[in-house]
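# Structural overview
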Amino acid sequence: NAGVMQNPRHLVRRRGQEARLRCSPMKGHSHVYWYRQLPEEGLKFMVYLQKENIIDESGMPKERFSAEFPKEGPSILRIQQVVRGDSAAYFCASSPGQSSYNEQFFGPGTRLTVL
Amino acid sequence: GENVEQHPSTLSVQEGDSAVIKCTYSDSASNYFPWYKQELGKRPQLIIDIRSNVGEKKDQRIAVTLNKTAKHFSLHITETQPEDSAVYFCAAINDYKLSFGAGTTVTVRA
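Just so it is clear, the model here is predicted, and its values are computed rather than measured. (Residues numbered from 1 in each chain as written. Chains lettered and ligands numbered in written order. Predicted model: local features only at pLDDT ≥ 70, side-chain atom pairs only at ≥ 80, totals over all residues. Heavy atoms only, no water.)

Moving on, we get to the pattern of salt bridges. Taken as a whole, this structure holds 7 salt bridges over all chains when the rule is applied. With a shortest N-O distance of 2.8 Å, D49 of chain B and K57 of chain B are connected by a salt bridge. (Salt bridge = Lys/Arg side-chain N within 4 Å of Asp/Glu carboxyl O.)

Now for the sheet that holds strand β1 (residues 4–7) of chain B. Residue and element names in this part refer to chain B. On the basis of which strands lie adjacent, the open sheet formed by 5 strands has the order β1-β3-β8-β7-β6 and antiparallel pairing. With one partner strand each, in any of the chains shown, β1 and β6 (56–59) form the two edges of the open sheet. Strand-to-strand twist across the sheet, computed as the mean angle between neighbouring axes with direction ignored, equals 15 degrees. Bridge count for strand β3 (residues 19–25) against strand β8 (residues 72–77) is 6 bridges, and the pairing is antiparallel. Paired with I21 across the bridge in β8 is L75. (Pairing = 2+ DSSP bridges. Helix = DSSP H or I, 4+ residues; strand = E, 2+ residues; numbered from the N terminus. Axes fitted to C-alpha atoms, helices over the stretch in contact; angles between N-to-C directions.)

Looking now at the sheet that holds strand β7 (residues 65–68) of chain A. Note on sheets: strands pair through backbone hydrogen bonds, and any given pair is parallel or antiparallel. Residues and elements named next belong to chain A. Taken in spatial order, the 4 strands of this open sheet run β1-β3-β8-β7, and their pairing is antiparallel. Two strands lie at the open edges of the sheet, namely β1 (5–7) and β7, each paired on one side alone. The sheet shows a mean angle of 15 degrees between the axes of neighbouring strands, taken without regard to direction. Note that β1 and strand β3 (residues 19–24) share 3 bridges and pair antiparallel. The residue of β3 that forms the bridge with M5 is S24.

Okay, here's the thing in structure tokens:
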């Protein structure tokens, strides 16, 4: 059973470009969470999705950031018009159900560098 | 929302000694407390967790304690080894949202 997959692992963008980060949850998991980790900091919750639904996006900046988890295919975190402050590691996690007492399994992360 | 504080931010121990990391949380509704270990450039990996109806849990050299009244929980690593060197994060869950502490960088000196 493959774990949570993320791609790309490293992404370099220039200011103003768009970044698309992909996350494929573990098989059988229908709940996806995105977290951002700034250098030498803990992970911060961004958004929680189930298939075709955004459940909670309270941790996501209102502008330039969007997330989706379509019926088919991976979850996508999209950052438009990137700025240097978006440079961070973005981790997604998945769980089989709503994660109270359910372990969230983390992917390897995408390290975004904005030049 | 939940606020998790973690101390110390760095911890250096001699191989074979114990390491203790402490966390506090603010939301009394939080009911699940996982601990993650993250090596440089890698994903966070769950090493132990504790639920709100349990006061202590042990897994080999790792133990976690929870004091719900005081809203404290702690990680104890005994007989530390060089491979224990990493960043450790505590977290608390209320419903589904993981709130992480800022992390403790543990260095085990040979």
